[in-house]
Amino acid sequence: MSAATIARPQSAVVSGSFFDASNEGFRHSYDKKAFSYSHIFTESHPLFQRARMRRLLAEGTATRPWAVYDAGDIQVGQRWETYPAKTKTVEETFDDIDSGRAWMMLRHVEKDPEYGELLDQCLAEVSRLSGQEIDSDKKSQEAIIFFTSPNRVTAYHIDRECNFLMQVRGSKTINIFDRTDKDVVPEAELEKFWAKDNNAGVYKPQFQDRAFVCEMKPGIGVHIPVNCPHWLQNGDDVGISFSISYQFKDWKRKNVYQANYHLRRMGMNPTPPGQSALIDNSKRLAIETGLTLKRIIKRKSK
Ligand SMILES: [Fe+2]
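Owing to the predicted nature of the structure, the values given are computational and were not obtained by experimental measurement. Residue positions are counted from 1 within each chain, in the order its sequence is given. Where local features are concerned, this predicted model is filtered to residues with pLDDT of at least 70; where side-chain atom pairs are given and counted, the filter is 80 or more; whole-chain, interface and lining totals use all residues.

**Student:** Quick rundown of the nonpolar core? Include the residues and the values.
**Tutor:** As used throughout, a nonpolar core is a set of buried Ala, Val, Leu, Ile, Met, Phe, Trp, Tyr and Cys residues joined through C-beta atoms within 7 Å of each other. Here exposure depends only on C-beta density: within 10 Å of a residue's C-beta, 20 or more other C-beta atoms make it buried, 12 or fewer make it exposed, and intermediate numbers make it partly exposed, the C-beta atoms being placed from the backbone. Ranked by size, the top nonpolar core spans 64 residues in total, and within it F48, V109, I145, F147, I176 and V222 carry the most contacts. Of the residues forming this core, the biggest block, six residues, is contributed by helix α4 (residues 113–130). The source of the domain bounds is an automatic or database domain assignment. Each of domain 1 (20–248) and domain 2 (254–301) gives at least three residues to this core. Secondary structure elements follow DSSP: runs of H or I of four or more residues count as helices, runs of E of two or more count as strands, with numbering from the N terminus.

Below, the structure written as structure tokens:
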């Protein structure tokens, strides 16, 4: 067979529009409030068929999943470290997902060129629809595929990513809370999260009725702004979700929250980020240079 007759595999990526461009949430609520939107991804898409995703495990393309749990009933407010020990391999968990009680995530699937191209195209569209310069603001990006067994709960947690989560198969209910609601998300909780504890978010059932609740099904996605806590209840079938996310550069939040964590431990009641550019910049400088926080803030405040 000559080189000219060798069939090249067609790209599985669909070019064009992935999201409902008429949805004003992209422009008005980006990294502020949760909102839902329509998208094109379903199980019929070539990149979201089980055999294709199973290949990611077989080829070792995706980073080994950060979390694979097949652990019976998980409670909404349960902390990660109290989960029962894993009993299955990643491959066994994937293959048993229909009958198990598992939640698993395939991280960094963008290392596979097809998923990588899809991530880049999706983020470009988010940037266009939101009017935000994502490329210059982000320090990293990631595509994740979530697999969830029927009826499984994903416990309440806070993320550092700006996330667009899309349901591809099955159904699930997501509950997203407003990070500016200080009853639900006290500043001290966010400071602890950014400084030392990824599981710092504490579920407060008395405020459950304040959640933005979305019934997700194939073709429906939600935006989860940075630090907006959330928990999920999967439906009675296997759920598959696709997440595109990115982390902002540290100056935007991380450095200020870390400074505030230390200031609170010194007995102060630090100003939350975003209220004073002068104070925020002083804290960023302190974290970046390691100088004494108190000395810099005192000097800059004069
Ligand atoms: Fe999350």
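Let's pick the thread back up.
**Student:** Give a description of the sheet that holds strand β11 (residues 239–248) that names residues and reports values.
**Tutor:** Note: strands within a sheet are paired through backbone hydrogen bonds, in either parallel or antiparallel orientation. Spatially, seven strands are ordered β1-β9-β6-β11-β4-β3-β2 in an open sheet, and the strand pairing comes out antiparallel. Of all the strands in the sheet, the pair left with one neighbour each is β1 (35–38) and β2 (68–70). When the angles between neighbouring strand axes are averaged without regard to direction, this sheet yields 20 degrees. Alignment of β1 against strand β9 (residues 220–224), held across four bridges, turns out to be antiparallel. Strands qualify as paired when DSSP identifies two bridges or more between them. For helices, the fitted axis covers only the stretch in contact; all axes are lines through C-alpha atoms, and the angles between them, taken along N-to-C directions, range from 0 to 180 degrees.

**Student:** Explain the environment of L285 residue by residue, including any values.
**Tutor:** Following the sequence through the fold, L285 ends up in helix α8 (residues 277–289). Separated by 34 residues in sequence, L285 and W251 have C-alpha atoms that sit 9.2 Å apart.

**Student:** A description of the sheet that holds strand β8 (residues 212–216) should follow, citing residues and the corresponding values.
**Tutor:** The strand order across the open sheet formed by four strands is β5-β10-β7-β8, and the pairing between neighbours is antiparallel. Edge positions in the sheet fall to β5 (153–157) and β8, since each has one partner strand and no second. On average, adjacent strands in this sheet sit at an angle of 10 degrees to one another, irrespective of strand direction. In the sheet, strand β7 (residues 172–176) pairs with β8 via five bridges, with the strands oriented antiparallel.

**Student:** Which residues make up the packing of helix α6 (residues 187–195) against helix α7 (residues 254–265), and what are the values?
**Tutor:** Look at α6 against α7: their axes get within 8 Å of each other, and the N-to-C directions meet at 110 degrees. One element, α6, and the other, α7, form an angle in the roughly perpendicular class. In the crossing of α6 with α7, the sense of the turn from one axis to the other is left-handed. Judged by residue contacts, A188, L190, E191, K192, W194 and A195 of α6 engage K254, Y257, Q258, N260, Y261 and R264 from α7. Side-chain classes are defined by residue name, with Ala, Val, Leu, Ile, Met, Phe, Trp, Tyr, Cys and Pro counting as nonpolar, Asp, Glu, Lys and Arg as charged, and the others, Gly among them, as polar. Taken together, the residues of the contact of α6 with α7 break down into six nonpolar, two polar and four charged. To sort the angles, those under 35 degrees are grouped as roughly parallel, those over 145 as roughly antiparallel, those from 65 to 115 as roughly perpendicular, and the leftovers as oblique. Should the near helix be turned anticlockwise from the far one by less than a right angle, the crossing is termed left-handed; should it be turned clockwise, right-handed. What counts as a contact is two residues whose backbone-derived C-beta atoms lie within 7 Å of each other.

**Student:** Can you tell me about α7, naming the residues and giving the values?
**Tutor:** Relative to the 16 Å expected for twelve residues at 1.5 Å per residue, α7 spans 17 Å between its end C-alpha atoms, a close match to the ideal helical length. Within α7, burial applies to K254, N255, V256, Y257, Q258, A259, N260 and Y261. Just downstream of α7, G267 is the residue with a positive phi angle, here 95 degrees. Multiplying 1.5 Å by the residue count of a helix minus one yields the expected span of that helix.

**Student:** Which residues make up α8, and what values go with them?
**Tutor:** Its 13 residues give α8 an end-to-end C-alpha distance of 18 Å, which sits within 8% of 18 Å, the value for a rise of 1.5 Å per residue. Regarding α8, the residues found buried are D280, S282, K283, R284, A286 and I287. Once α8 finishes, G290 follows within two positions and takes phi at roughly 80 degrees, a positive value.

**Student:** Provide a residue-level description of unusual backbone geometry, including the pertinent values.
**Tutor:** A positive phi is found at D31, a non-glycine position, where the angle reads about 50 degrees. Along the polypeptide, D31 turns up in the loop between α1 (25–28) and β1. We note that H108 has phi near 55 degrees; this positive angle belongs to a residue other than glycine. Position of H108 among the secondary structure elements: in the loop between β3 (102–106) and α4.

**Student:** Could you give an account of the environment of K254, naming the residues involved and the relevant values?
**Tutor:** In this structure, K254 sits in helix α7. According to the C-beta neighbour criterion, K254 is buried, with 21 such atoms within 10 Å. In this structure, the C-alpha to C-alpha distance between K254 and L190, residues 64 residues apart in sequence, is 9.6 Å.

**Student:** Kindly report on the packing of α7 against α8, identifying the contributing residues and their values.
**Tutor:** Two elements in contact, α7 and α8, have axes whose closest approach is 8 Å; the angle formed by their N-to-C orientations is 85 degrees. In terms of orientation, α7 lies roughly perpendicular with respect to α8. In this structure, α7 contributes N255, V256, Q258 and A259 to the contact, and α8 contributes D280, K283, R284, A286, I287 and E288. In terms of residue class, the contact of α7 with α8 is built from four nonpolar, two polar and four charged.

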